[in-house]
Every structure is written in structure tokens, then in C-alpha cells.
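One letter stands for each residue in the lines below.
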Amino acid sequence: MNKNPKVMVFHLRELLYTAVFILLGIILVVSLILMFHGKSDSKKEASTPDGTYQPGVYTSSITLNGNPMDIKVTLDANHINSITMENVSNAITTMYPLVQPAFEDIAEQIVETQSLNNIQFSEDHQYTYTLLYDEICNIIDSATN
């Protein structure tokens, strides 16, 4: 037997840095998984497989910086007839000039295709489109049989 024991020296600072980097790596991986989990389901389907709705006029309000505006969706049994924006104050059109064109674009696409799938959003105005699109989806979902 060898009478001289071998001693391994670990520098505490290196060990601490390694542990911190491993912990940060784990946090990064978990946050990326949570952030991108279910992103492919972001577009909602509003119609049932047979495409029937409860006929009527459905309205909902959105408040932008304390200024309300109404979205009105007119449906018959099998079609989305119209989607309009009402009671839009001058404050909204002045402070948010992209609301009106974005709404008209979304409404036109939905009425034309009769579906909430594959709606094209402007990449420059993603927040405005998403806000309006989600509210329209909620209204149509509430009218789906």
C-alpha cells in the first residue's frame, strides 16, 4: 500500500460558478418549454364541425385607455353575416389610429372565409390585431351551438 494519500483540490469559486451556470441553464430550458408550449394552438376555431351558430346579434365591449368601444357580430344559423365596430370615440381614433384599419381587415377576412382560421395579421401591429381578433373569437364562441 501506498502511504502517501492523494489529495484533490477543488477551488470553491470554480465550483460555485459551475453550480450557478447549471442552475441558469435549467431555468432557461424550463422557461423556453413553458413559453412555447401550446403556441400552435393560438388560433381558435369558432365554428362547430357542422358550422351552426345561434342566430342573433352579439356585442361585446373593449376598453382602451378608459375609452370603451363595442364590437357587434351578426350571425344566422350557418354564417357570419357581419362584424362591425360601434361607439368608437374620437379619443380612440386619435390615440389608436391602427384600430380601425386592423379591425376592418380582420372582419373582412372572417366574413369572407366564414372561419377564424388562417387570419393574416400584420407583423408590425401584432398587438392591435391580437386584441381585436381575440375579442371577436370570444363573441363567436359564445354564439356557437
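The rules behind these values
- Residues numbered from 1 in each chain as written.
- Predicted model: local features only at pLDDT ≥ 70, side-chain atom pairs only at ≥ 80, totals over all residues.
- Heavy atoms only, no water.
- Pairing = 2+ DSSP bridges.
- Helix = DSSP H or I, 4+ residues; strand = E, 2+ residues; numbered from the N terminus.
- Axes fitted to C-alpha atoms, helices over the stretch in contact; angles between N-to-C directions.
- Contact = heavy atoms within 4.5 Å.
- pLDDT = per-residue confidence, 0-100.
- Phe/Tyr/Trp six-rings, centres within 6.5 Å; stacked < 30°, edge-to-face > 60°.
- Expected span 1.5 Å × (residues − 1).
- Buried < 20%, exposed > 50% of the residue type's maximum accessible area, 1.4 Å probe, protein only.

(A) Layout of the sheet that holds strand E3 (residues 80–86). Spatially, the three strands line up as an open sheet ordered E1-E2-E3, and their pairing is antiparallel. Edge positions in the sheet fall to strand E1 (56–64) and E3, since each of these pairs with one other strand and no more. The average undirected angle you get between the axes of adjacent strands in this sheet is 15°. Relative to strand E2 (residues 67–75), E1 is paired through nine bridges, and the arrangement is antiparallel. Along E2, the bridge assignment pairs Ser61 with Asp70. Of the strands in this sheet, E1, E2 and E3 are in contact with helix H3 (residues 99–113), which crosses E3 at around 170°. Strands in contact with helix H4 (residues 126–142) are E1, E2 and E3; relative to E1, the strand with the most contacts, it is inclined by about 150°.

(B) Molecular detail of the confidence of the model for the protein chain. Per-residue pLDDT for the protein chain has a mean of 82; in total, 86% of the residues score no lower than 70. Throughout residues 41–49 the model reports pLDDT below 50, and contacts reaching past four residues in sequence, or to other chains, amount to 21 contacts.

(C) Just the pairing of E3, in detail. Relative to E3, E2 is paired through six bridges, and the arrangement is antiparallel. Across the sheet, residue Lys72 finds its bridge partner in E3, namely Thr84. What sits between the antiparallel neighbours E2 and E3 is a turn of four residues.

(D) Highlighting the packing of aromatic side chains. Counted according to the given criterion, the structure contains two aromatic pairs. Ring centres of Phe121 and Tyr133 lie 5.3 Å apart, and the angle between their planes is 75°; on these two criteria the pair is classed as edge-to-face. With Phe121 in the loop between H3 and H4 and Tyr133 in helix H4, this residue pair connects regions lying twelve residues apart in the sequence. An aromatic cluster is present here, built from Phe121, Tyr129 and Tyr133 joined pairwise through their rings.

(E) Quick look at H4. Compared with an ideal rise of 1.5 Å per residue, which puts 17 residues at 24 Å, H4 spans 24 Å between its outermost C-alpha atoms and is within 8% of the ideal. Listed in full, the buried residues belonging to H4 are Thr128, Tyr129, Leu132, Tyr133, Glu135, Ile136, Cys137, Ile139 and Ile140. In the core, the buried residues of H4 are packed alongside E1, E2, E3 and H3.

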